[in-house]
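A structural walkthrough
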Amino acid sequence: MTPYGSDMMPFTIAQFVLIGVFALLAVAAILYGMKLKRRRTTAQEEIEEHREAADAPRVAPAEAVPEAALVPPPVAEPVPVAPMPPLDDQPAVATPPAPAPLASDIMQLKGLGPKLAATLAGLGITRVEQIAAMSPAELDALDAQLGTFRGRPARDRWAEQARLLVAGDKSGYEAAFGKLG
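Residues numbered from 1 in each chain as written. Predicted model: local features only at pLDDT ≥ 70, side-chain atom pairs only at ≥ 80, totals over all residues. Heavy atoms only, no water.

Look at helix 7 (residues 158–167) against helix 8 (residues 170–177): their axes get within 8 Å of each other, and the N-to-C directions meet at 155°. Between helix 7 and helix 8, the angle is such that the two are roughly antiparallel. The handedness of the crossing between helix 7 and helix 8 is left-handed. Every residue of helix 8 that contacts helix 7 at Glu160, Gln161, Leu164 and Leu165 is listed here: Gly172, Tyr173 and Phe177. (Axes fitted to C-alpha atoms, helices over the stretch in contact; angles between N-to-C directions. Helix = DSSP H or I, 4+ residues; strand = E, 2+ residues; numbered from the N terminus. Parallel < 35°, antiparallel > 145°, perpendicular 65-115°, else oblique. Left-handed = near helix turned anticlockwise from the far one by under 90°. Contact = heavy atoms within 4.5 Å.)

So, in structure tokens, the structure goes:
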């Protein structure tokens with residue numbers, strides 16, 4: 001038997017200090033974990049807000065462009081004009097014919113596949129001339145209706161491609177967008 005009346009060994013000051021240090025470390029770890037959880041929760045809320053803002057339509061339905069403005073005006077055919085007879089002593093000058101459009105099929109646009117062409121056909125757009133005639137506001141309104149294809153008109157530069165195709169500028173088109181199929 002020990003002089004203290006028990007078979008257990010008494011605690012020393014070093015052991016109490018060691019227990020206290022471990023207790024403080026445990027409390028510090030718990031507090032740090034709570035702080036990290038708060039940060040994670042705040043970051044998750046911010047991500048959700050940004051996701052909602054990104055999923056929101058760019059043009060509110062109440063402020064959308066009227067339905068009539070979404071349909072591009074028909075492309076007017078040029079009116080044939082009879083050449084004027086030459087004036088007194090001047091020889092007749094032949095005017096070069098306007099370049100023929102390279103393609104009117106919407107599938108000629110780079111980055112536009114069958115699914116997107118079907119979506120555009122559902123919106124009444126089937127020819128390159130229709131895209132070339134659209135204003136930036138009309139293109140934005142069209143973009144808002146493309147669903148999963150949103151952003152493609154700007155990213156693939158449809159308006160620029162369509163204008164080059166309608167103008168018959170094959171070399172300009174191929175320089176900017178690659179070989180014409």
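It is worth spelling out unusual backbone geometry at this point. Unusually for a residue other than glycine, Arg157 sits at a positive phi of about 55°. By secondary structure assignment, the location of Arg157 is in the loop between helix 6 (152–155) and helix 7.

On to a negative patch on the surface. Together, Glu45, Glu46, Glu49, Glu52 and Asp55 make up a region of like negative charge exposed at the surface. Of note, Asp55 is situated in helix 1 (residues 13–55). Overall, the relative accessible area of 57% leaves Asp55 in the exposed class. (Patch = residues over 30% accessible without salt bridge, like charges linked within 9 Å, V, L, I, M, F, W, Y side chains within 5 Å. Areas by Shrake-Rupley, 256 points an atom, 1.4 Å probe, with all protein chains shown as cover. Salt bridge = Lys/Arg side-chain N within 4 Å of Asp/Glu carboxyl O. Lys, Arg positive; Asp, Glu negative; His and termini not counted. Charge placed at Lys NZ, Arg CZ, Asp CG, Glu CD. Buried < 20%, exposed > 50% of the residue type's maximum accessible area, 1.4 Å probe, protein only.)

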